[in-house]
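# What the coordinates show
One-letter residues, chain by chain:
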Amino acid sequence: APARFLSAIVNKSSFLVIWDSGASISVSPSRDDFVTFTPANHKVRGVGGKSEVVLGTGDVIWSIRASDGTLRDLRLKCLFVPSCETRLLATQGLLERYPGEDIKLTNGLLVLSGKEGQAHPINISINPHTNLPVCVAINQSAVCKGVQSLINLTTTTHTSNGNLTEAEKELLRWHCR
């Protein structure tokens, strides 16, 4: 099932996200990341004072693998900046959206704590070349496609199908032969 899930996700739907403690709001160059969207047309000051055009704002949901292997959805306020080369996750905005969680740097990992009984921690590796915390994320529409592929995985005659009795399943197997 994990292989089926991953193969259902389009390559462009997984991407790198830089966790940026200096950003005041998250940034995405992809309109596909947004689950809510309000068009805009203004400029913001980016790295080195360079102005970048913002074409919209809204919420993104980026799914990131948690420490237990499950996907954890992070919903964040975000700017749509098509000229940006990468996605930036503003840690300040993340901590405001998820009160009670914290971020710690330990053993070359950035760790989002999670909440006991609610959300698992996320371990973010530090890229040795850039010295920036970077992770792979998946946008929400791709996760939905992956889930749909798993839903289709269970066949009608599978033992986990509770809609048919064992006798009905056996009859269906003979019918298919």
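See the structure shown above.
On a predicted model such as this, the values are computed, not experimentally measured, just so you know.

Scoring rules and cut-offs
All residue numbers refer to position in the chain's written sequence, counted from 1. pLDDT decides what is reported in this predicted model: residues at 70 or higher carry local features, side-chain atom pairs at 80 or more are listed and counted, and totals for whole chains, interfaces and linings draw on all residues regardless. Only heavy atoms go into the side-chain values, all of them from the structure, while hydrogens and water stay out. Secondary structure follows DSSP: runs of H or I at least 4 residues long count as helices, runs of E at least 2 residues long count as strands, and numbering of each begins at the N terminus. Buried, partly exposed and exposed residues are distinguished by accessible area as a fraction of the type maximum, computed with a 1.4 Å probe on protein chains only: under 20%, between the cut-offs, and over 50%, respectively. Whether two residues are in contact is decided by their heavy atoms: any pair within 4.5 Å suffices. All accessible areas in this document rest on Shrake-Rupley with a 1.4 Å probe, and a residue is counted as covered only by the protein chains that are shown. By disulfide we mean two sulfur atoms from cysteines, separated by a distance within 2.5 Å. The pairing criterion for strands is at least two bridges between them, as found by DSSP. A pair of aromatic rings is counted whenever rings of Phe, Tyr or Trp (Trp by its six-membered ring) have centres within 6.5 Å, and the orientation is called stacked for planes under 30 degrees apart, edge-to-face for over 60 and tilted otherwise. Over a ring means this: the NZ of a Lys or the CZ of an Arg is within 6 Å of the ring centre and within 35 degrees of the ring normal.

### Points about the overall build of the chain
Assigned secondary structure in the chain consists of 4 helices and 10 strands. Classification of the 177 residues of the chain by burial places 33% in the buried group. A sequence separation of at least 24 residues applies to 57% of the contacts in the chain between residues at least 6 apart. Surface exposure of the chain reaches about 10900 Å², of which carbon and sulfur atoms provide 54%.

### Quick notes on the state of the cysteines
This structure, assessed with the given rule, holds 0 disulfides. Free cysteine: Cys84, not disulfide-bonded; nearest cysteine sulfur from Cys78 at 9.1 Å.

### A look at the pairing of strand S9 (residues 122–126)
Across 4 bridges, strand S8 (residues 109–112) lies against S9 in antiparallel orientation. By the bridge assignment for S9, Leu109 is matched with Ser125. Where S9 lies against strand S10 (residues 133–139), 2 bridges are found, and the strand directions are antiparallel. Bridge pairing in S10 links Ser125 to Val134. Between S9 and the antiparallel strand that follows it, S10, lie 6 residues; Asn131 among them carries a positive phi value of about 60°.

### Describing the environment of Ser67
With respect to the helices and strands, Ser67 occurs in the loop between strand S4 (51–65) and strand S5 (71–80). For Ser67, a relative accessible area of 43% gives the class partly exposed. With 54 residues separating them along the chain, Ser67 and Pro121 place their C-alpha atoms 5.7 Å apart. Here Ser67 is in contact with His120, Pro121, Ile122 and Asn123, once residues within four sequence places are set aside.

### Here's the deal with the packing of aromatic side chains
Under the counting rule described, the total for this entry stands at 4 aromatic pairs. Between Phe34 and Phe37, the aromatic rings sit 5.4 Å apart at their centres with planes inclined by 75°, giving edge-to-face as the arrangement. Residue Phe37 is classed as partly exposed on the basis of its relative accessible area of 24%. Ring geometry for Phe37 against Phe80: centres 5.8 Å apart, planes inclined by 70°, an arrangement best described as edge-to-face. Of the two residues, Phe37 is situated in the loop between strand S2 (26–28) and strand S3 (38–45) and Phe80 in strand S5; the sequence distance between them amounts to 43 residues. A relative accessible area of 11% means that Phe80 is categorised as buried. In this structure, Arg31 is placed above the aromatic ring of Phe37, and the distance from its NZ or CZ to the ring centre is 3.8 Å. Its end group placed over the ring of Tyr98, Arg72 keeps NZ or CZ at 6.0 Å from the ring centre.

### As for the pairing of S4
As paired strands, S3 and S4 are joined by 6 bridges and run antiparallel to one another. Bridge pairing in S4 links Arg45 to Ser51. Across 10 bridges, the pairing between S4 and S5 is antiparallel. Bridge pairing in S5 places Ile64 opposite Arg72. Here S4 hands over to S5 after 5 residues, with Gly69 in that stretch at a positive phi of 95°. Across 3 bridges, the pairing between S4 and S10 is antiparallel. Pairing of Ser63 across the sheet is with Ile138, part of S10.

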